[in-house]
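Descriptive structure summary
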Amino acid sequence: TLPHHVVSAWSDGRTTMLLGSADGAVLRGRPGQWRREPTGETRSVVTLWGDTTRQFGIMERRLLLFNGMNWRRTDVRGDTLVPLTLTAGTTLQDGRAMVVGSSCDGDTCLPVVLVHESAGGRWRPTAARLPHDMKLYGVWGTSVTDYFVYGAPGEPACEAGTCLFHVVGESAQPVKA
């Protein structure tokens, strides 16, 4: 049995398995051989992803990066102080990392898609023209110019019940059922 309440999981399919706990730690290993890695945070690690060289975790407004030795908080906002709520991320085939979420001011929310070019580099917004007034909850894809995002059902930006968009270049097209 696991000693902590697990809220997220990720594996590279070979050697690395990560479990995010409700108390802010990450467990690394495999069943029966878990190593607890403190993050310096106390909120739930709600999403984990990565590749063999970098792993990421999301805690609401915080992004964590594992640098090979420990977890550290990473600020994705760049030059802006706009509050962001991050919800999901993925590692693209070319090794770049991408995160999605929203930036809300009162009841109005704008979708946020940021890409991390390289280790030590800055997080930059993509050129995608997504519908306004939508919170993003998931992302996957192959490159910064070919990926999918999905938002919350029932929001104004979702046409005819679909909140899944295919982004090719700067264009975001709804995916119909």
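Our structure is the block above this text.
So, a few notes on the structure that sits alongside this text. (Residues numbered from 1 in each chain as written. Predicted model: local features only at pLDDT ≥ 70, side-chain atom pairs only at ≥ 80, totals over all residues. Heavy atoms only, no water.)

The next point concerns the overall build of the protein chain. From N to C terminus, the protein chain includes 0 helices and 16 strands. When burial is assessed residue by residue, the protein chain has 46% of its 177 residues classed as buried. Accessible area of the protein chain: about 9,400 Å², with a carbon and sulfur share of 52%. (Helix = DSSP H or I, 4+ residues; strand = E, 2+ residues; numbered from the N terminus. Buried < 20%, exposed > 50% of the residue type's maximum accessible area, 1.4 Å probe, protein only. Areas by Shrake-Rupley, 256 points an atom, 1.4 Å probe, with all protein chains shown as cover.)

Among the nonpolar cores identified, the biggest contains 22 residues, and Trp49, Leu63 and Trp123 are the most heavily contacted of them. Listing elements by their share of this core, those giving two or more residues are β5 (47–50), β6 (55–59), β7 (62–66), β10 (97–105) and β11 (108–116). In contact with Trp123, other than residues within four places in its own chain, are Phe56, Leu63, Thr74, Asp75, Val76, Ala97, Met98, Val99, Leu114, Val115 and His116. With 17 residues, the next largest nonpolar core counts Ala88, Leu92, Leu130 and Val144 among its residues. (Core = buried A, V, L, I, M, F, W, Y, C linked by side-chain atoms within 4.5 Å. Contact = heavy atoms within 4.5 Å.)

Turning next to the environment of Thr53. As for its position among the elements, Thr53 is in the loop between β5 and β6. Among the residues examined, Thr53 registers a relative accessible area of 58% and is labelled exposed. Sequence separation between Thr53 and Asn67 is 14 residues; the distance between their C-alpha atoms is 8.1 Å.

Another aspect to go through is the pattern of salt bridges. Evaluation of the coordinates by the stated rule reveals 7 salt bridges. Among the salt bridges present, the one from Asp23 reaches Arg36, with a minimum N-O distance of 2.9 Å. Here Arg36 lies in strand β4 (residues 33–37) and Asp23 lies in the loop between β2 (17–21) and β3 (26–30), a separation of 13 residues in the sequence. Among the residues examined, Asp23 registers a relative accessible area of 32% and is labelled partly exposed. Residue class for Arg36 comes out partly exposed when judged on its relative accessible area of 39%. With its nearest N and O atoms 2.6 Å apart, the salt bridge here joins Glu37 to Arg28. Under the relative-accessibility criterion, Arg28 is labelled buried at 12%. Counted as one network, the salt bridges with shared partners bring together Arg28, Arg35 and Glu37. (Salt bridge = Lys/Arg side-chain N within 4 Å of Asp/Glu carboxyl O.)

Let us look at the sheet that holds β5. Ordered in space as β5-β6-β7-β8, the 4 strands form an open sheet in which the pairing is antiparallel. Each edge of the open sheet is held by one strand with a lone partner, namely β5 and β8 (71–74). The mean angle between the axes of side-by-side strands here comes to 25°, regardless of whether they run parallel or antiparallel. Of the strand pairs in this sheet, β7 and β8 are connected by 4 bridges, and their pairing is antiparallel. Its bridge partner lying in β8, Phe66 is registered against Trp71. (Pairing = 2+ DSSP bridges. Axes fitted to C-alpha atoms, helices over the stretch in contact; angles between N-to-C directions.)

Our next topic: the packing of aromatic side chains. Within the structure shown, the criterion is met by 5 aromatic pairs. Ring centres of Phe56 and Trp123 lie 6.0 Å apart, and the angle between their planes is 80°; this geometry places the pair in the edge-to-face category. Of this pair, Phe56 sits in strand β6 while Trp123 sits in strand β12 (residues 123–125), and the two are 67 residues apart along the sequence. You can call Phe56 buried: its relative accessible area is 1%. For the ring pair Trp140 and Phe148, a centre distance of 5.6 Å and an interplane angle of 15° mean the geometry is stacked. Following the ring pairs from residue to residue traces out a cluster consisting of Trp49, Phe56 and Trp123. Over the face of the ring belonging to Phe66 we find Arg28, whose NZ or CZ atom lies 4.1 Å from the ring centre. (Phe/Tyr/Trp six-rings, centres within 6.5 Å; stacked < 30°, edge-to-face > 60°. Lys NZ or Arg CZ within 6 Å of the ring centre and 35° of its normal.)

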